[in-house]
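Notes for the structure review
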There are 4 protein chains.
Amino acid sequence: MAFEQVENQNSLNEECGIFGVWGCDDAANLTYYGLHALQHRGQEGAGIVANNNQHLWQERGLGLLGDVFRDPQRIKSLVGTAAIGHVRYATAGSNGIENIQPLMVNFSNEQYALAHNGNLTNAKTLRKELEESGSIFQSSSDTEVLLHLIRRSKAETFKEKLIEALNTVRGGFAFLLMTPTAMYAALDPHGFRPFVVGQMPDGQYIVTSETAALAVVGARFVRDVQPGELIKIDDNGIAIERYTENTTLNIDAMEYVYFARPDSNIYGVNVHNARKRMGRTLFQEHAVAADIVVGVPNSALSATAGYAEAAGLPNEMGLVKNQYVARTFIEPTQERRERAVRMKLTAVPDVVGGKRVVLVDDSIVRGTTSKFIIRMLREAGAKEVHVRVASPAFRFPSFYGVDMQTTEELMAANHTKEEMRQIIGADSLEFLSTEGLVAAINLPYQGAGTGLTTAYFDGHYPSPIYDFQASLSAWEARGEVDFAPEPTTTYSPTQVRTLAKQDLHLEGEQ
Amino acid sequence: MAFEQVENQNSLNEECGIFGVWGCDDAANLTYYGLHALQHRGQEGAGIVANNNQHLWQERGLGLLGDVFRDPQRIKSLVGTAAIGHVRYATAGSNGIENIQPLMVNFSNEQYALAHNGNLTNAKTLRKELEESGSIFQSSSDTEVLLHLIRRSKAETFKEKLIEALNTVRGGFAFLLMTPTAMYAALDPHGFRPFVVGQMPDGQYIVTSETAALAVVGARFVRDVQPGELIKIDDNGIAIERYTENTTLNIDAMEYVYFARPDSNIYGVNVHNARKRMGRTLFQEHAVAADIVVGVPNSALSATAGYAEAAGLPNEMGLVKNQYVARTFIEPTQERRERAVRMKLTAVPDVVGGKRVVLVDDSIVRGTTSKFIIRMLREAGAKEVHVRVASPAFRFPSFYGVDMQTTEELMAANHTKEEMRQIIGADSLEFLSTEGLVAAINLPYQGAGTGLTTAYFDGHYPSPIYDFQASLSAWEARGEVDFAPEPTTTYSPTQVRTLAKQDLHLEGEQ
Amino acid sequence: MAFEQVENQNSLNEECGIFGVWGCDDAANLTYYGLHALQHRGQEGAGIVANNNQHLWQERGLGLLGDVFRDPQRIKSLVGTAAIGHVRYATAGSNGIENIQPLMVNFSNEQYALAHNGNLTNAKTLRKELEESGSIFQSSSDTEVLLHLIRRSKAETFKEKLIEALNTVRGGFAFLLMTPTAMYAALDPHGFRPFVVGQMPDGQYIVTSETAALAVVGARFVRDVQPGELIKIDDNGIAIERYTENTTLNIDAMEYVYFARPDSNIYGVNVHNARKRMGRTLFQEHAVAADIVVGVPNSALSATAGYAEAAGLPNEMGLVKNQYVARTFIEPTQERRERAVRMKLTAVPDVVGGKRVVLVDDSIVRGTTSKFIIRMLREAGAKEVHVRVASPAFRFPSFYGVDMQTTEELMAANHTKEEMRQIIGADSLEFLSTEGLVAAINLPYQGAGTGLTTAYFDGHYPSPIYDFQASLSAWEARGEVDFAPEPTTTYSPTQVRTLAKQDLHLEGEQ
Amino acid sequence: MAFEQVENQNSLNEECGIFGVWGCDDAANLTYYGLHALQHRGQEGAGIVANNNQHLWQERGLGLLGDVFRDPQRIKSLVGTAAIGHVRYATAGSNGIENIQPLMVNFSNEQYALAHNGNLTNAKTLRKELEESGSIFQSSSDTEVLLHLIRRSKAETFKEKLIEALNTVRGGFAFLLMTPTAMYAALDPHGFRPFVVGQMPDGQYIVTSETAALAVVGARFVRDVQPGELIKIDDNGIAIERYTENTTLNIDAMEYVYFARPDSNIYGVNVHNARKRMGRTLFQEHAVAADIVVGVPNSALSATAGYAEAAGLPNEMGLVKNQYVARTFIEPTQERRERAVRMKLTAVPDVVGGKRVVLVDDSIVRGTTSKFIIRMLREAGAKEVHVRVASPAFRFPSFYGVDMQTTEELMAANHTKEEMRQIIGADSLEFLSTEGLVAAINLPYQGAGTGLTTAYFDGHYPSPIYDFQASLSAWEARGEVDFAPEPTTTYSPTQVRTLAKQDLHLEGEQ
């Protein structure tokens with residue numbers, strides 16, 4: 001989506017990326033490179049916790065990974081053969097260092113660290129209960145609830161405590177949890193977020209958000225973590241079990257549309273290829289007579305290629321994005337504010353001049369950027385600008401791990417398509433249909449439903465949303481949104497399958 | 001060229017970008033945005049000098065523009081209605097703050113600031129002479145020579161002193177010079193570097209390295225600065241004259257191939273379009289049977305589009321570049337060094353697997369990166385990899401403003417094409433011909449020669465190289481390189497044309 | 001004591017200084033100046049929490065106050081009309097930012113901040129209990145226990161919860177606790193640490209560690225906080241009550257000897273004057289024939305003046321301390337290590353040459369510095385060096401708020417006085433007697449005992465030491481130390497006396 | 001003087017301190033410690049240039065030495081066995097990094113670095129001449145003139161060029177000049193500034209501003225540099241010659257009164273002892289009935305001790321200075337400005353209450369601080385405050401190395417003593433006489449005159465002041481100031497005395 005690249009307020013932001021490794025001499029260094037491959041999932045904070053079997057060491061800070069670890073001493077100080085790391089998108093107002101993950105807690109007798117990608121939908125309720133019975137939270141993050149639940153559990157072993165806690169929280173989560181003796185990975189029962197297992201050439205296991213992070217560190221892909229799974233990795237190898245049998249698959253469709261890297265695969269589907277198919281389907285659904293196709297860089301470039309190929313039109317670089325990052329100042333006048341926007345994106349008169357342009361974007365959030373881009377294209381001489389969006393219109397908020405929990409600024413939630421067209425100043429405006437999106441992703445999924453969460457577009461929420469229910473009550477009253485019931489959870493984790501290394505790549509649970 | 005993006009040692013680096021404005025309330029702010037658009041021309045230092053008609057104020061520092069001006073106070077402290085700025089690529093060993101431009105000198109009775117894009121070929125000789133007669137240099141930069149020549153001149157007026165100095169230095173230069181009462185711009189007699197005049201909506205003049213910087217600040221393009229021109233801008237407007245009549249046009253062909261932004265125009269030629277034509281010509285010269293075309297991001301993407309369109313093959317995202325910058329550490333093992341490289345660029349198995357790939361790059365310097373990329377593509381499953389380079393092979397060094405003054409590490413200077421192919425591991429390797437390059441650029445130039453400098457490829461140097469002559473003597477002995485004589489200079493600047501604003505956009509000197 | 005000034009490892013360090021104000025427009029600024037006056041009590045971290053009646057804002061960091069608040073924006077961001085602040089001495093190994101106070105906790109429905117001067121003697125035991133019932137600590141500081149106790153209390157009101165918590169912790173504490181609606185101050189039942197109430201000219205109340213901090217901000221002294229008191233300050237004024245009736249006064253004698261500023265008064269006794277009396281008494285107890293008296297700057301200068309006056313000898317500047325602070329590097333050789341020490345303190349040959357010198361110090365901890373100073377004096381030509389220490393020898397550790405919890409490196413705990421004299425190389429060595437110290441302080445105290453804690457010197461601990469009992473068991477077995485029982489506490493706070501402003505300065509509870 | 005400690009604008013500031021060493025393995029580290037001992041001579045910038053016999057390496061920055069070299073890599077990067085360093089007081093407006101010394105110049109074929117303590121009185125004139133013949137200055141510092149004079153000299157050898165330059169500049173200077181092959185030290189013909197030679201235990205030579213810097217690094221004092229001397233130190237040892245025979249001794253009396261450290265000796269006179277004698281003489285000249293004597297810390301403490309001893313009165317700590325440095329903010333109200341002042345200095349009611357106080361200060365510049373201190377003392381209960389100043393009143397400016405070149409803000413230049421008394425609010429006010437000052441310093445000098453510069457007090461300038469003549473013309477017209485003629489200089493340096501190490505300490509030229 002163009003918006004995020006041009007203005008980073010109120011846009012659609014992924015909440016995080018996580019990476020963990022067990023048994024490597026240079027665990028923190030490996031995690032640094034792995035997190036760099038996930039930087040697109042969170043740019044406002046980064047941290048790594050390393051484990052030297054006796055003690056956990058934490059380094060974290062605000063800003064990009066490269067800023068946080070500018071001093072190489074910070075990586076060097078993270079001694080140990082295991083590590084977990086996190087890159088974070090922080091919502092406004094909660095940008096303190098105490099919210100940067102991995103969170104770490106030190107007890108008199110033990111230490112844990114926790115990294116979380118996702119969003120818990122009952123965290124406020126649980127936090128209130130925990131605080132009422134005396135717990136003190138160090139952060140304002142929903143993630144910390146899990147640590148308190150583990151600590152409060154009366155179960156016998158650490159793993160039993162953890163399973164109890166996993167069965168108490170609701171919403172979207174991919175967790176990595178480090179103790180001095182083991183690393184645990186767990187995915188929520190709906191599989192809202194991508195989460196994969198990889199293996200280094202020497203056999204060490206990695207668990208991380210995207211396959212692109214495996215490639216960077218030279219690891220091969222082993223398998224996707226399945227909804228409801230709990231994985232324990234320690235010096236004895238890897239053990240996979242289910243902490244609940246009540247699972248479905250509802251991977252967030254926006255991972256394919258926008259969040260994930262084009263070189264990542266999610267449940268077997270390559271993201272670049274999926275986006276090309278979205279572009280192709282978009283053309284099939286909404287062809288228009290034009291001279292050239294122009295994509296909004298960088299995120300819409302795959303879909304643009306698909307559209308252009310299907311249309312048989314030249315795919316031209318009519319918009320150029322400045323790949324360097326520099327702060328824009330708070331500018332007092334409209335003229336100077338536009339300067340700040342053009343700093344990031346400009347139109348090329350020699351490319352678009354006199355042309356009928358199909359402008360392909362991956363999504364429209366507030367519309368502000370679309371409006372600006374279209375004006376730039378026209379100033380650069382474009383004769384017509386037809387906007388084609390490679391995803392359906394955003395009409396509803398999300399609560400499973402994306403920072404879009406109100407719809408006040410969501411253009412499509414407050415305007416008809418024709419109003420939107422007029423506001424952004426396009427000659428025509430069309431969106432990919434939800435069906436087209438689902439078909440383009442083409443998830444090799446055999447279960448009930450599509451395997452995808454498309455609530456943003458169609459209001460079908462795969463589970464209740466607890467703390468946020470009030471946000472949707474008006475829509476619910478009008479029958480525009482509906483909620484699948486939460487699968488009934490029972491404390492009946494299945495038998496652990498401790499997998500031999502040679503078996504792992506034969507796994508074909510999908 | 002891929003190399004620069006992956007490893008920034010010993011690659012081909014542009015020396016600088018410059019930007020100047022006269023008569024704007026927010027001159028330093030405007031310059032900041034303008035320089036950001038030129039960041040690709042120099043990432044190791046940045047500076048701005050502002051002028052409030054009485055005093056010049058300087059702020060400069062090492063690193064990216066955004067790092068140097070992270071504290072907004074630095075921009076605020078640059079008061080005044082005129083400013084010049086500079087982004088710098090610094091060669092190793094001379095990375096002191098004293099070399100960061102604009103250079104500024106304070107006399108008892110006056111101040112100047114100077115920003116320079118290019119490289120003087122007789123600076124060492126001049127410096128030695130000046131030092132012998134008592135001058136002290138504050139920097140190790142060749143640029144400072146001009147300041148001393150002005151100061152030493154016995155001519156009457158400042159402008160006459162400047163003209164005398166401009167007629168003394170040799171090599172490539174686009175200069176911006178600020179005094180409290182005027183801004184001067186001058187281009188060398190060969191026009192080695194791009195240099196353009198623009199105008200703000202309210203009439204204020206800008207002179208800068210690329211048209212892309214005009215677009216960012218909302219200025220319109222007025223005209224290219226011509227070789228041998230001296231432009232004076234002050235509160236009376238703009239005055240253009242020639243400080244010498246002995247000029248030719250020899251714009252560096254690498255500006256079109258690699259240095260300039262795709263959205264810039266140079267002498268009327270859009271860079272993106274020129275690169276597409278290079279790709280198209282490359283296909284015409286060296287077609288090969290293949291399934292897909294993959295470009296090395298970001299610099300080769302325009303040429304790749306041209307090749308793919310001409311070939312009728314899909315243009316696929318088989319290589320993904322991480323757009324975030326983070327330092328790589330000095331890694332002790334080969335395995336970890338490769339991790340550092342993959343951090344920046346990865347191949348996508350789902351895109352290239354089982355395919356015959358045409359890999360389009362813009363140039364090959366040391367070959368190290370090409371070798372690495374080809375290996376990645378093969379590991380990702382590519383069946384064949386045919387390398388097509390959208391410029392001729394680099395066989396000779398450059399001395400007019402690019403950091404490539406020796407050929408020890410220049411692959412094509414030391415190996416045959418077949419040796420290169422074997423070293424990088426390609427199935428085939430072909431380069432665009434020099435003729436093809438010249439034709440693809442298609443410069444609307446009526447004078448003698450091509451209007452381009454192609455010395456890197458063919459050894460035809462458009463002027464003597466003075467301080468560096470020894471570097472080329474062996475080649476010269478073998479007749480592989482030749483030098484055009486320096487045009488005889490005479491102190492006969494033509495009559496000044498003071499241009500009314502309305503006339504300017506009618507100028508069609510080219 | 002000389003030691004701290006020359007070497008800051010393993011010396012005798014005060015744990016902290018605190019400052020709070022309610023009802024001032026520039027509360028954070030006032031707190032900044034107040035804390036600066038307390039910088040001698042803690043140099044390794046500083047923080048301020050401000051309160052704008054709705055929200056608490058926290059800024060804190062490692063290092064000196066001036067370093068933490070170098071950026072004036074940090075003070076500006078602390079909006080509100082009330083604030084508490086803290087300067088901290090951090091023991092090695094726990095120097096993380098999470099331990100810098102004021103600690104702040106954010107609940108769903110409320111916020112507190114807490115600043116603590118002192119040391120809790122049962123914190124480890126309490127923490128273990130709290131963790132076992134599910135609490136998670138964010139810091140390794142003993143202070144945090146109080147927050148958890150408040151949170152866990154089943155009492156009705158916040159104040160009742162606080163009183164319950166105050167009756168649960170043991171040891172030395174002066175607490176300042178901020179909530180959005182009130183500021184609380186509480187002193188332990190023994191009054192180990194100084195704690196005073198002051199008032200601004202416009203009537204606003206301040207509570208802080210030393211009267212010197214009142215003077216800096218232009219406040220007048222109102223009264224010393226009494227052992228066992230809980231003070232609540234809010235928009236209704238000040239209310240003082242006792243949270244326990246079981247109190248004694250045992251102010252740490254080292255506050256008079258070394259910790260407090262000479263311009264502070266504690267329980268009515270001016271510290272400079274007390275030190276002069278210590279010096280005078282020291283002469284009376286241990287006169288020696290000499291030519292001049294030299295004090296170890298800066299802390300021994302008051303005692304030195306007292307000794308010199310009593311002896312009728314010239315008080316000479318034979319040692320000069322460099323008032324500027326600069327880091328010393330880790331030096332590889334003995335020669336260079338000595339350079340690092342001389343950087344801070346040098347002897348003056350023209351002053352001490354040929355003289356019989358009485359060297360007055362306030363205390364001897366490890367003896368290393370004394371040895372070094374005596375050698376410097378001899379090298380500077382001193383004929384004799386007679387060391388006179390204005391406090392008794394340290395033989396036992398402390399646990400009520402001073403970083404001296406083992407005696408391994410305590411010279412007097414491991415050597416006879418004669419051995420000490422030989423080690424440090426003095427011609428004679430004498431200490432002030434405990435009786436002499438008590439008499440010199442001359443505390444206007446009518447209760448049982450001396451009103452002072454002199455456990456360092458005589459092993460009489462005014463209360464049990466819980467977590468640390470094992471440290472002293474060998475001594476206890478030999479009968480060298482003894483412990484007064486903890487006063488039986490009952491939850492019977494006395495009636496609150498809400499004081500009118502005009503009454504406060506008439507208070508004469510002492 | 002109190003003023004500098006409380007407010008650092010417009011006070012009396014020493015211009016610099018310098019330190020150089022030749023032949024030590026850890027030359028930069030040694031220089032760091034040496035400069036720290038000179039920090040009182042300049043707090044606004046610091047720098048070191050090291051010499052590894054082939055190349056000079058420079059590190060410098062704004063602020064205190066400890067801030068500039070906070071990163072230990074900066075010291076480590078200064079490789080070499082020789083080094084010179086500088087601490088600087090910068091006048092307002094010229095606080096750029098380019099003025100921080102040592103200045104360094106890089107020629108094509110050589111490098112020098114220069115550090116200067118003092119002020120050249122004909123620098124503006126010389127600079128104008130040099131600029132007119134084409135020189136460009138990198139700094140606004142007067143020091144740089146010397147480098148240009150050396151460079152411009154037509155003399156044969158480097159030393160001859162240097163001697164010619166030394167004979168061209170006028171005013172006060174102690175220079176240290178480093179080349180890759182030698183270190184040079186030169187003192188002006190009047191000896192305005194202290195400058196001493198020392199020797200390390202292993203024989204290496206040091207030249208520095210004060211003997212206190214020798215003590216810190218473990219060096220012994222060898223001899224004072226004499227007016228007109230040029231010293232060359234290289235691998236062959238030390239060689240001392242005179243670059244002019246026309247010399248007198250006019251050491252600045254303020255070095256004894258205020259600038260130098262109490263533990264330094266200048267021309268054989270210990271500064272602390274001289275100050276005690278000033279205090280004693282002050283009592284003899286201006287006794288007053290009183291109860292206690294209070295000194296303004298830290299600089300007046302020696303004089304205070306002298307006064308108190310002579311008067312037989314107790315020397316009490318009635319004013320306490322906070323030894324920690326922290327920034328004060330720009331405060332909007334008078335009340336808050338006073339807070340900022342009290343942050344640095346407070347009065348002690350328990351010490352001064354009800355007492356008749358003699359307040360001893362070393363000097364009065366603007367009077368602002370005296371006024372503030374007296375008010376604080378009265379608020380603290382002092383019954384009477386009699387101000388006694390241990391130097392004569394400042395009536396005239398200085399031009400030989402002190403930042404006091406106008407008298408607009410000089411209280412004694414604009415008011416009678418009685419007016420001053422009323423303004424500052426003292427019960428009485430008296431100054432030491434110039435004769436008393438000269439007698440108290442008691443310089444063992446046999447030549448013409450006193451050997452001291454006392455122009456501040458009596459208007460007798462030991463030489464013309466060139467660039468600044470206009471400043472004094474009104475006074476000169478009234479006959480209040482007079483100038484000794486500059487000794488006629490001839491280029492006749494005496495024979496070099498190359499001193500064997502064993503001879504050096506036998507030198508008794510004084």
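Not measured: the values here are computed from a predicted model.

A short note on the overall build of chain A
Within chain A, the regular secondary structure consists of 20 helices and 27 strands. Here the C-alpha atoms of chain A give a radius of gyration of 23 Å, agreeing with the 24 Å that 2.2 N^0.38 yields for 510 residues. Projected onto its principal axes, the C-alpha coordinates of chain A cover approximately 70 × 50 × 50 Å. For chain A, buried positions account for 64% of its 510 residues. If you take every contact in chain A between residues at least 6 apart in sequence, the share linking residues at least 24 apart comes to 69%. Accessible area of chain A: about 17,000 Å², with a carbon and sulfur share of 49%. Positive and negative side-chain charges of chain A, numbering 46 and 61 respectively, have mean locations separated by a distance of 4 Å.

A closer look at the interface of chain A and chain C
Taken together, the contacts link 19 residues of chain A with 19 residues of chain C. Summed over both sides, the interface between chain A and chain C buries roughly 1,600 Å², with carbon and sulfur atoms accounting for 48% of that surface. Considering only the surface of chain A that becomes buried against chain C, A:E131, A:I136 and A:R151 emerge as the three largest contributors, covering 36% of it. Where chain A touches chain C, the interface holds one salt bridge.

Quick look at the UniProt feature "binding site: Mg(2+)" (unreviewed entry) in chain A
Residues and elements named next belong to chain A. Mapped onto this numbering, the UniProt entry gives "binding site: Mg(2+)" (unreviewed entry) at S299, D361 and D362. In sequence the annotated residues extend across 64 residues, while in space they remain close, none of their C-alpha pairs exceeding 8.0 Å. For D361, the position within the fold is in strand β21 (residues 356-361). Under the relative-accessibility criterion, D361 is labelled buried at 3%.

Points about the interface of chain B and chain A
Tallying the contact residues gives 58 residues for chain B and 58 residues for chain A. Buried area between chain B and chain A, both sides added, is near 5,000 Å², and the carbon and sulfur share of it is 54%. Our count for the contact surface shared by chain B and chain A stands at six salt bridges. In this structure, B:D26 engages A:R336 in a salt bridge whose closest nitrogen and oxygen atoms are separated by 3.1 Å. Where chain B packs against chain A, one counts 28 residue pairs in polar contact (both at pLDDT 80 or more). Class assignment of the residues belonging to the side of chain B that touches chain A gives a composition of 25 nonpolar, 18 polar and 15 charged.

A word on the relation of the copies chain A and chain C
With an axial shift of 0.2 Å and an RMSD of 0.1 Å, the rotation relating chain A to chain C amounts to 179°. Such values leave the two copies arranged in the relation of a two-fold axis. When the interface residues of chain A are mapped onto chain C, 100% of them again lie at the interface, so the same face is used by both copies.

Some thoughts on the domain arrangement of chain A
Residues and elements named next belong to chain A. Entries for chain A in the domain assignment read domain 1 (17-247) and domain 2 (271-322 + 331-439). Here the C-alpha centroids of domain 1 and domain 2 sit 35 Å apart. Every contact between the two is made by nine residues of domain 1 and, on the other side, six residues of domain 2. Here domain 1 packs against domain 2, burying approximately 580 Å² in sum over the two surfaces, 56% of which is carbon and sulfur. Ranking the residues of domain 1 by area buried against domain 2 places N119, F192 and R193 at the top, with a combined share of 59%. Summed over the shared surface of domain 1 and domain 2, the number is zero salt bridges. Run the count over domain 1 and domain 2 and you get two residue pairs in polar contact (both at pLDDT 80 or more).

Considering the relation of the copies chain B and chain A
Turning chain B through 180° and shifting it by 0.0 Å along the axis lays it on chain A, with an RMSD of 0.1 Å. In this assembly, 100% of the residues forming the interface of chain B have copies in chain A that are likewise at the interface, indicating an isologous arrangement.

Describing unusual backbone geometry
Here the residue pair B:Q101 and B:P102 is connected by a cis peptide bond, since its omega of 0° sits within 30 degrees of zero. Mapped onto the elements, B:P102 comes out in the loop between β4 (82-88) and β5 (103-106). Here the residue pair B:P297 and B:N298 is connected by a cis peptide bond, since its omega of -5° sits within 30 degrees of zero. Looking at where B:N298 falls in the secondary structure, it is placed in the loop between β17 (292-295) and α11 (301-311). Residue C:N53 is not a glycine yet carries a positive backbone phi of 75°. You can see C:N53 is positioned in the loop between β2 (45-51) and β3 (56-62). C:N53 sits in the partly exposed class, given a relative accessible area of 40%. The backbone of D:Y267 shows a phi angle near 50°, a positive value even though the residue is not glycine.

Here we look at the UniProt feature "active site" (unreviewed entry) in chain A
Residue and element names in this part refer to chain A. The UniProt feature table records "active site" (unreviewed entry) at C16. If you trace the backbone, C16 turns up in strand β1 (residues 16-22). By relative accessible area, which is 4% here, C16 ends up buried. Sequence-distant contacts of C16, that is, excluding residues within four places in its chain, are made with R41, H86, V87, R88, Y89, H116 and N117.

Remarks on the packing of helix α12 (residues 334-342) of chain D against helix α14 (residues 368-379) of chain D
Residue and element names in this part refer to chain D. Axis separation between α12 and α14 bottoms out at 12 Å; the angle between their running directions is 90°. On the basis of their axis angle, the class for α12 and α14 is roughly perpendicular. Every residue of α14 that contacts α12 at E338, V341 and R342 is listed here: F372, R375 and M376. Looking at the contact of α12 with α14 residue by residue, the classes come out as three nonpolar, no polar and three charged.

Concerning the sheet that holds strand β17 (residues 292-295) of chain A
All names here are of chain A. Strand order across the open sheet formed by five strands is β18-β17-β21-β22-β23, with parallel pairing between neighbours. Strands at the two margins of the open sheet, each flanked by one partner only, are β18 (315-316) and β23 (428-431). Pairing analysis gives two bridges linking β17 to β18, with the strands arranged parallel. Bridging across to β18, V293 finds its partner in N315. Lying on the sheet, helix α11 (residues 301-311) is in contact with β17, β18, β21 and β22 (384-389); it crosses β17 at an angle near 165°.

Side note on the sheet that holds strand β23 (residues 428-431) of chain D
Neighbouring strands of a sheet are bound in pairs by backbone hydrogen bonds; such pairs are parallel or else antiparallel. Residue and element names in this part refer to chain D. Strand order in the open sheet formed by five strands is β18-β17-β21-β22-β23, and the pairing between neighbours is parallel. Edge positions in the sheet fall to β18 (315-316) and β23, since each of these pairs with one other strand and no more. With respect to the sheet, helix α10 (residues 271-285) is in contact with β21 (356-361), β22 (384-389) and β23, its orientation differing from that of β23 by roughly 125°. Where α14 meets the sheet, it contacts β21 and β22, and its direction lies at approximately 150° from that of β22.

A word on helix α17 (residues 434-441) of chain B
All names here are of chain B. T434, G436, L437, A440 and I441 are the residues of α17 that are buried. Projected down its long axis, α17 shows its buried positions confined to an angular sector of 160°, all on one face. Facing away from the buried side of α17 by over 90 degrees, the exposed positions are E435 and A439. Of the surrounding elements, those touching the buried residues of α17 are α9 (253-259), β16 (269-270), α10 (271-285), β24 (452-453) and α18 (455-458). Where α17 terminates, the next one or two residues include N442, which has phi positive at roughly 60°.

With respect to the packing of α10(D) against helix α11 (residues 301-311) of chain D
Residues and elements named next belong to chain D. Two numbers describe how α10 lies on α11: the axes approach to 6 Å, and their chain directions differ by 45°. Regarding the angle of α10 to α11, the classification is oblique. As for the relative orientation of α10 and α11, their crossing is right-handed in sense. The segment α10 lies against α11, with H272, R275, K276, G279, R280, L282 and F283 engaging S302, A303, A305, G306, Y307, E309, A310 and A311. Class assignment for the residues of the contact of α10 with α11 results in seven nonpolar, four polar and four charged.

With respect to the pattern of salt bridges
Counted by the stated rule, this structure contains 116 salt bridges over all chains. The salt bridge involving D:E316 is made with C:K276; its shortest N-O contact spans 2.5 Å. Taken together, the positions of D:E316 in strand β18 and C:K276 in helix α10 (residues 271-285) put the pair across two chains. Classification of D:E316 as buried rests on a relative accessible area of 13%. The exposure class assigned to C:K276 is buried, which follows from its relative accessible area of 2%. The network of salt bridges with common partners includes A:R41, A:R193, A:E210, A:D252 and A:E255.

How each quantity is defined
- Residues numbered from 1 in each chain as written.
- Chains lettered and ligands numbered in written order.
- Predicted model: local features only at pLDDT ≥ 70, side-chain atom pairs only at ≥ 80, totals over all residues.
- Heavy atoms only, no water.
- Helix = DSSP H or I, 4+ residues; strand = E, 2+ residues; numbered from the N terminus.
- Rg over C-alpha atoms; globule rule 2.2 N^0.38 Å.
- Buried < 20%, exposed > 50% of the residue type's maximum accessible area, 1.4 Å probe, protein only.
- Contact = heavy atoms within 4.5 Å.
- Areas by Shrake-Rupley, 256 points an atom, 1.4 Å probe, with all protein chains shown as cover.
- Lys, Arg positive; Asp, Glu negative; His and termini not counted.
- Charge placed at Lys NZ, Arg CZ, Asp CG, Glu CD.
- Buried area = accessible area lost by both parts, 1.4 Å probe.
- Salt bridge = Lys/Arg side-chain N within 4 Å of Asp/Glu carboxyl O.
- UniProt positions renumbered as here; feature names shortened; annotations may be inferred.
- Polar contact = N/O pair within 3.5 Å; in protein donor to acceptor, adjacent residues only side chain to side chain.
- Nonpolar A, V, L, I, M, F, W, Y, C, P; charged D, E, K, R; others polar.
- Least-squares fit on C-alpha atoms with pLDDT ≥ 70 in both.
- Domains from an automatic or database assignment.
- Axes fitted to C-alpha atoms, helices over the stretch in contact; angles between N-to-C directions.
- Parallel < 35°, antiparallel > 145°, perpendicular 65-115°, else oblique.
- Pairing = 2+ DSSP bridges.
- Arc of directions from axis to C-beta.
- Left-handed = near helix turned anticlockwise from the far one by under 90°.

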